[in-house]
Structure formats: structure tokens, C-alpha cells
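The chain contents come next:
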Amino acid sequence: MKRFFFIAALLPLGVLGQRINFDEGWKFHLGHAADAHRDFNYGIGNILAKTGDAANTCIKMEFDDRDWADVRLPHDWAVGLPFAHVKNGDVDAHGYRAVGALFPENSIGWYRKSFVIDRADSGKRFVLQFDGVFRDSKVWVNNCYMGGHFSGYSGSSYDITDFLHYGKKNVVVVRVDASQYEGWFYEGAGIYRHSWLDVVEPTHFALNGGVFVHTRDGQVTIETKVESGVGVAGTGMVSAAIVDRAGAIVARGEGSVGGVGLVLRVDKPVLWSLDNPYLYRAVVLLRTGGRVVDSVNVRFGIRTVTIDKDKGLFLNGVPVKIHGVCCHQDHAGVGSALPDYLQYYRIGLLKEMGVNAYRSSHNAPTPELLDACDSLGMLVLDETRLLNSGEEYGADFERQILRDRNHPSVFMWSIGNEEWMIQTSTTGKLVAQHQVERQKLLDATRTCTYAANVGNVWHGVNEVIPVRGFNYNLGGLDGYRRDHPDQPIMGTEVASTVSTRGIYVKDTVNAYVPDYDSVAPPWASTAEYWWKIAADREWFMGGFAWTGFDYRGEPTPFQWPDINSHFGIMDMCGFPKTVYYYYQSWWTDKDVLHIAPNWNPGGGKEAGKPVAVWVNSNADNVELFLNGHSLGRKDMPRNGHLEWMVNYAPGKLEAVGYKKGRKIAAFVETTGEPYRIAVKASSGGGVVVYNCSVVDKQGREVPDASNLLHFSVSGGAKIIGVGNGDPSSHESDQDPQRHLFGGKCQVIVEGKGPVVFSVNGEGLLGVQEKISL
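Please read all numbers here as calculations on a predicted model, not as lab measurements. (Residues numbered from 1 in each chain as written. Predicted model: local features only at pLDDT ≥ 70, side-chain atom pairs only at ≥ 80, totals over all residues. Heavy atoms only, no water.)

1. What about the sheet that holds strand β20 (residues 305-308)?
The strands that make up a sheet are held in pairs by hydrogen bonds between backbone atoms, and each pair lies either parallel or antiparallel. Spatial strand order, β20-β21-β22: three strands in an open sheet with antiparallel pairing. Each edge of the sheet is formed by a strand with only one pairing partner; in this case those strands are β20 and β22 (318-320). When strand polarity is set aside, the average angle formed by the axes of neighbouring strands in this sheet is 35°. Note that strand β21 (residues 312-315) and β22 share three bridges and pair antiparallel. Bridge pairing in β22 links leucine 315 to valine 318. (Pairing = 2+ DSSP bridges. Helix = DSSP H or I, 4+ residues; strand = E, 2+ residues; numbered from the N terminus. Axes fitted to C-alpha atoms, helices over the stretch in contact; angles between N-to-C directions.)

2. Looking at the side chain of threonine 497
Considering the arrangement of structural elements, one finds threonine 497 in the loop between β29 (489-495) and α7 (527-535). Judged by relative accessible area, which is 5%, threonine 497 ranks as buried. Here the side chain of threonine 497 touches aspartate 517 through a polar contact of 2.7 Å, side chain to side chain. Within polar-contact distance, the side chain of threonine 497 engages the backbone nitrogen of alanine 527 at 3.2 Å. Residues in contact with threonine 497, not counting those within four places in the same chain, are Tyr516, Asp517, Ser518, Val519, Ala520, Ser525, Thr526, Ala527, Trp546, His566 and Phe567. (Buried < 20%, exposed > 50% of the residue type's maximum accessible area, 1.4 Å probe, protein only. Polar contact = N/O pair within 3.5 Å; in protein donor to acceptor, adjacent residues only side chain to side chain. Contact = heavy atoms within 4.5 Å.)

3. Observations regarding the sheet that holds strand β5 (residues 125-130)
Taken in spatial order, the four strands make up an open sheet running β1-β10-β5-β8, and their pairing is antiparallel. Whereas interior strands pair on both sides, the edge strands pair on one side only; in this sheet they are β1 (18-21) and β8 (156-159). Strand-to-strand, the axes of this sheet are offset by a mean angle of 20°, without reference to chain direction. Here β5 runs beside strand β10 (residues 195-200); their pairing, made up of six bridges, is antiparallel. Residue pairing across strands places leucine 128 opposite leucine 197, the latter belonging to β10.

Structure below.
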């Protein structure tokens, strides 16, 4: 739900409610978790004795913050910290960044921002909103404590109206304490999602969940909740118009607040689907005393989701097998503080692979991720951080549902993941039952699941969860279906193949795993194993492979010097691994024909020595040639792949496939030395993603190049992150240089106006790219 908004430094704001982006103009400085003097006297000064007494701390309005760093939100300070080789399982799981309780000098962050509110707006309400702060944040405005928020994955808001100084400077201060880990993967640190200032009339739609738009068969229902004063339910008249993509009004109506809501009918609606994610807008007005006092603009899609215990998932009456991936929220170079365009970029990469569903593992997603899924056509399994029905986590789950329920991409909720301490106990059953009831109360249009890492086990959460979720343990799948035939079943987490892009032999020194679908931890499986099971069972809805992208932390099966995972189907930059082409072969109708490994010598390839060659394709059969000599033709097994053992010789390795009588071909060949830098750019929303490689004198990409590249930008832009997908690289994510890994690296640039991006490397022809943001 969005109010009509614009970015502004000063107000007045006009009649209707406004949402102002609050990301600009912040100052930042590290504090200290173990030394109060280095934490700006926090804990020494008695700031709790009297309201407005900030003592001698940086909470004081008059505090001189001129030497603090200027930052723009979203901001993740952990991504710029050094790596620390500490023998600690949690530090290992978080990617060895020097943040957490063992690193008190890096685990407290302070933010300050000054702003002005016009006197003319003194009759309005002002609510400060943070979409995500990692973690344990506390907020002050004008020396006065507003409140705090525990979890790093859910939003928080503070009504700051009573504490504002109109026509004068106001100061908001946020203390962030990242000492305590919350997950077992890289989590970042700081105000890593957007912040907003909501400005509304005293009577207004509730800021979270005040307008709920849901649909079925062309019928649009709009439910509203109005607040008048702090915690007081309001009344009024509501009118709504449904607007199509062209701006035409296709339905309208009016009624009173509350009750069953407005019910509107759209004739011949364009349905939201995976291939045509058509979005309408509901413009909803609130009137009291004969005047409009609030307005919200809700993007929504008209679609119907049905789940059948025998036939699986249906979208608008069409069966959909879940081709899903689980994903954490960090990306190369920027950590957890992704600019909005990166959400669209990543979802676009997944769509290209054939993915149709995204599981937000293991926390509420950022709102912009859901916007991207709405716009591009991607289903979302929206997961909460913890299976916990206590007051705090229960309230977090409620806020998550209220925030996300208007998104057509969200097809199901997940109440938790692998809670092995309680999931098979009576406690787990009771907690789950409470969370299921919460979900049904706030959103009866959807159902929920739980990601259980058990096989044919009934007692506990599985007794009460509407849709059974299997995390691995597929050996128990058929037995569970036999014993509980009335419960729909999906694979909430499957596969967990580990591989390193561009590496084809195991390397325990550098912590690399072969880039084939051949290695998985004991609890997991290869991609081919799980997908053959899913494809053969109509009642099994499909599943979510772990993971779409590599992520920092969980360096299974290694430890230091490995600092990020190998689970990704793509690496941290979004560069595909070999297993990507397995999924693309069987999840799309594209002509897919891919050969691994590359054909440059080294990396286990020696003249005359046998090399394992994998071909992923959806062709009916494939013939392999080395330097024009046939190595045989093989039929492609359904949902499988092909292998040859080939005695290595430099030259050209070519695959020729035949698909329904058509010929398709692909090849890899031995290249020359790196000669020239090549750059491909993708841009949107003031951000450019530059993917860099090198080519030889014949223009062929060199797949094993490792050159050090140097980057620069001119104009109104800056480099905000770099990466290369190397899971053992300890290079800075913030410096304007990076080695190629497997022939590739990535640079992320943010800014406005004309930008010139330059790349150079020793002994290489450089390149300049011009773009306007």
C-alpha cells in the first residue's frame, strides 16, 4: 500500500497523506559494544531519568556530528568490514565478517539525521517508518526516546508528532546493535532497507494494512481500517476506483469504513499470471465531514490460486509446477543493502532460468523484492523469521501479513523453517496452531506451510499445518503421502548441490567444489535427484531449490578461507554455474545446449588425460565432436543430462543436438590470451550493473582469466560494490578494483545523470561505457 509520495526536504505537503522517502542526509559513526566512552557515553549518561534528557551522549540534538560519515540509506556497514579468521561456528556461518559479539568495536552503529517540518503542517500526524534495521534498534527524536525494535527482519514505526519542533531543526538518532546474531548466514548491519516519513491527517487509513485489496474471478474486494488518533478506530466514507494499465477507470464504488468492504466487479479482467503479470491500481479515498482526508494507491493483480491435494497448485485454473528457489537477501558488493533495481535484476535472472517461485529464506522480504515479483511474474512463498507465537514475534508475523497481503505474487505464507528444537513436539504444534490462526484471521484468501526438515513424521507442527512442507528427506515423501493423503505437499527446500563456478576439480586449498551437479551434503541431494522425483508425482507441487544465488556465510563443505556458500545455482553476482543449465533445460521451452567444462588447459585438463564432459540440454539426442571427430551420439534421458569421458586435446569441443527434428549446436574452444576488456551493462532506477570479462584477439571470451581490473566513474555516480563470485576471495567489496574469477567480475554503480564508466587492466585494452541514469 502506497500513498502518493515524492522526495522532499521541506514541507508543506498538501491535503492528502504523503509518504516521503527519508533515505538522504544521514550521518554515521561506529560506536562500541564494550566501551561506553567509545560508544559516545551511551550507558554512562543517564538518558532514562527524564524525558528529553540525552545527557552527554550523541543523542543530544546539539551533538557535533560534522566528522561523521555521510551515508544514504539503505546502508550495510558490515560489508565494508575486514574478514576475521576466528574459529567460531557462528562467525563461520556469517562469512567471517568482523561483526558480532566477538567484535565489539564493529558491532554498534549510530545514525543521525536533521530535518525541518513546516509550521503549516502542525495539525498532521508524522510517523517515522523503517523497513528493516539489523538489529536491536533504538530511536530518539529531539532527545526523546521513541522506542526500539528487536528483530532485524521486520519493519518498525514511530509516531513522532508530539515531539517535533515546527519550523525549526529536528534530529532523529538511531542506535543499531548488531552484537547478537539472529540467523546462521550473513545478515549485515545497519539501516539496510528504506526509511520513510508518513504524513497524514488525524483521521487516516491505518498505515500498515489499512487497505486490503483481494480478488477472485474478476471480483475485487476492498477492506479498510481507519485510525483517528493514537490507537482509536475511525469512521468515514470510502470511495474507490479501479484503474487499468492504460489509466482507464474500469470499476468504481463507495461505502462506509469497516464491514464487509467494497465489492467491485471488473468486466473481462486481464488476469495476473506468470507470463503476463498484469497489474491494476486501486485508488481509495477516505472522506470525513464531507472532505477527502486520505488517499492510497494499491497495485494489485486479479488472479485465483487453488491448491489441490491430488493435482497440486493452480493459478487461474492452470496447473503450475513449482520451479522454485530459496534465496537470502545479500548480493555481491553491497551486502544486504540492495538498491531497488538489483531486486528486479535478480528476479529477471531467475526468470530467464525458468524459475517461477521464490521463497524468502528465512525472513520477511524487503517490500521492493515483492514489487519486482509482482511486476515480472514470480510467485512468492513469504516466510517469517521464526516459528514463535509469543507477543513480539507474533506481532512481527501480523505486521508482515498486513504489509504484504496486497501483493499478487504472494501465493502462500510460511510460518517458519527447520525449528528442530520444537517442530515434532506438542509445543511446536501449539505454536504453529496459533500462527495458522493468526494468518487466517488477517488473510483468509491464502493458506500457509512450514518448512520441516523431517521425513514421514506427523507429530508436532505437521499435524496442524495446512500444507506439508518437505525440507529434503524425500525418502519419506511417498510414505507420508500414503499415510496423510488429504494434506497437500510441497518441497519447501530441496537439492543443495554445492559447486564453484568455473572450477572442475575439487580444490581443498582454495575451498572450491567441481562445477557439476555432482556434490551435495549428506542431508541433501543433487538437482537431478529431486527434480526427477517432483516431475513424476502430480500431487507433489514442486519445490524450492537451495539456493538461487550464492550468499555470504555457510561455506559448506569448507571453512576458512571460504567465506561464502557454494549452494547457489548462480554465484553471488548472478553468473550461472553448470547446474543452471540443468534447470533451464527442464524448466523452460528454450533451446538449451550447454557444455562443461571450458576447453582451456589447466584446472584438471591435461593433454591426453580423460576429462568429464557434461552436456545439459532439452534436445532429444546429442552428438559430441572434438576437433571435428565424433565422440558418439546419445539420447537425452528425460529430466537428465549426458556425460562423456574425453581425452583432452586443445581445440574445439562441439555438441550438436536434435530437438523435434531441428538442429541446435553449441561449442567451447581453447582461447588465446586475454587481450581486451568487454563490458555488458544492465540499468534501471539510477543503478547500473556492469558485468566485465576479457576476450582474446579473436574476440572469444577467456573463461579462466584472472586479471586484476581497475574501475572508475565520472559524472554524478559512484561505485557502491564489486564482486566476482569467488567464494574464497578476501578482496574488498568496496574498492574500485577486482580480479576476474572464472573470467568474470561485476561492478555496481549508483547515481544520476550522464555517467562514464572506465575499466583498465595491465596489458589489456581498456574500455569506456557511457550511460545516462
